[in-house]
Amino acid sequence: MTTAVSLSAEAIADRVRDAQTRGARLRIAGAGTWLDAGRPVGSSEELSLAAHTGITEYTPGDLTLTARAGTTLREIRDAVSPHGQWLALDPFGSDEGTLGATIATASAGPLATRFGTPRDLALGLEFVSGRGATVRGGGRVVKNVAGFDLTRLLTGSWGTLGVITEATVRLHARPEADVTLAVSPSDDRIDVGGVRAALKRWPFVPLACEVVNDSLGRELGLGGEAVVFRLGGNSESVAEQRRAIAELAGGPAREVDPSVWRSLRAADDDATLVLRVSRAPAEVSAAWADATALTAPFASARVSASPARGIVRCATQAVGASIEQYASTLAGLRSRIVAERAPVHLWNAPPLARAADPLQSRIRDAFDPQRILNPGILGERAVS
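Notes on the structure in this doc start here. (Residues numbered from 1 in each chain as written. Predicted model: local features only at pLDDT ≥ 70, side-chain atom pairs only at ≥ 80, totals over all residues. Heavy atoms only, no water.)

### Some thoughts on the side chain of threonine 105
No. 1: Counting through the fold element by element, threonine 105 comes out in the loop between α3 (99-104) and α4 (112-115).
No. 2: Those residues in contact with threonine 105, other than ones at most four positions away along the chain, are Trp34, Gly156 and Trp158. (Helix = DSSP H or I, 4+ residues; strand = E, 2+ residues; numbered from the N terminus. Contact = heavy atoms within 4.5 Å.)

### Some details on helix α7 (residues 192-201)
No. 1: What α7 keeps buried is the set Val192, Val195, Arg196, Ala198 and Leu199. Seen along its axis, α7 keeps its buried residues to an arc of 160°; they face one direction. Those residues of α7 that are exposed and angled more than 90 degrees off the buried face are Lys200 and Arg201.
No. 2: Buried residues along α7 sit against β12 (208-212), β13 (226-233), α9 (235-249) and α11 (284-295).
No. 3: For α7, the side-chain oxygen to backbone nitrogen distance between the N-cap and glycine 193 is 3.3 Å, and the N-cap itself is aspartate 191. (Buried < 20%, exposed > 50% of the residue type's maximum accessible area, 1.4 Å probe, protein only. Arc of directions from axis to C-beta. Polar contact = N/O pair within 3.5 Å; in protein donor to acceptor, adjacent residues only side chain to side chain.)

### Notes on empty space enclosed by the protein
No. 1: As enumerated under the stated definition, the model contains 3 cavities of 30 Å³ or more in all.
No. 2: Here the largest cavity defines a volume of roughly 320 Å³.
No. 3: Around the largest cavity, the lining is made up of 24 residues, and of these Ile28, Ala29, Gly30, Ala101 and Ala104 lie nearest the centre.
No. 4: When contributions to the lining of the largest cavity are tallied by element, the ones reaching two or more residues are β2 (26-29), α3 and β9 (162-170).
No. 5: Its residues placed into classes, the lining of the largest cavity shows 14 nonpolar, 9 polar and 1 charged.
No. 6: Together, Phe92, Leu216, Leu264, Ala267, Asp268, Val274, Arg302, Val303, Ser304, Arg313, Cys314 and Ala315 line the second largest cavity.
No. 7: Elements represented by at least two residues in the lining of the second largest cavity include exactly β16 (302-306) and β17 (311-316). (1 Å grid on protein atoms, 1.4 Å probe; cavity = no way out; pocket = protein on both sides within 12 Å on 5 of 7 lines; lining within 4 Å. Points joined across faces, edges and corners; volume = space filled by probe spheres on them. Nonpolar A, V, L, I, M, F, W, Y, C, P; charged D, E, K, R; others polar.)

If you want it as structure tokens, here you go:
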């Protein structure tokens, strides 16, 4: 049974309490664009917040906005753009994803290089716990930090601690100039460590910087392996950034269509397996080298890296025995691997399985003791 909620947070709380009474498990959904992400959910009913939409408060002078969880990123973009502002969240997928899902999954994209992740941009949340209680943490202005830890705790909890019903986020002014440049390696190899060192050395931070492997680069129309920079600021600042990148590349970088960022975010849409490899930023060069070497036998493997954050993403459209070989091969990476998407039969096989975290279990006991919300999505066993 699916229920699209268009009422108040209290109506959602009633829905959770009703499920608690009946012993039902709820699969929380927003726009439904990421339902295949995370581990399979052992639920009997779906609680959809797709109709729980709308911006409830927006004061451009404060650079903050409050919206219901089902509000899409596109709706927020359209509302704040006329004021020269933006919400700097560009999770993989599209702007049809919802604000609630983006925060619940802590999904971040290329703009995290400059602006951080949802944990950095979410100022306050209203949510309904698994006990059916409506709770508010954080605030609606940057200086109000009361309950901020609660906001950060809910961010990235995949809905296992509460149903996010409303969120307040920090906005930024749109840069006067927004330019995208691509640099291709002079030989067959990209020095990811050199890119990271340059990012640390420069007196500016690009809006985004991503390294893409040959397969993904060709798909994005970049011709092959490349480093893609998104530069923002006033025209003088962008000119200086161009000069710094030209110095790194040994010559002028070519300007490319900014739609490359939208294509990069959507590139995983048809992937059967998406793994996120995390290491300390100082070790991103090794992670990139390992990932590109291990995935080389798989022609369709798309690999990208965020040098400033130490994140490497590996995606493939492989099926059957090939996908199992692909996952097994990546298990050789000396890194923390998080599966964002995987076939059901791979979830419980190494390296994708994750041991139960006792601290995580105790926190969930406090918020959702009966495991009503998204049971199983983090690999835990449902309470019978």
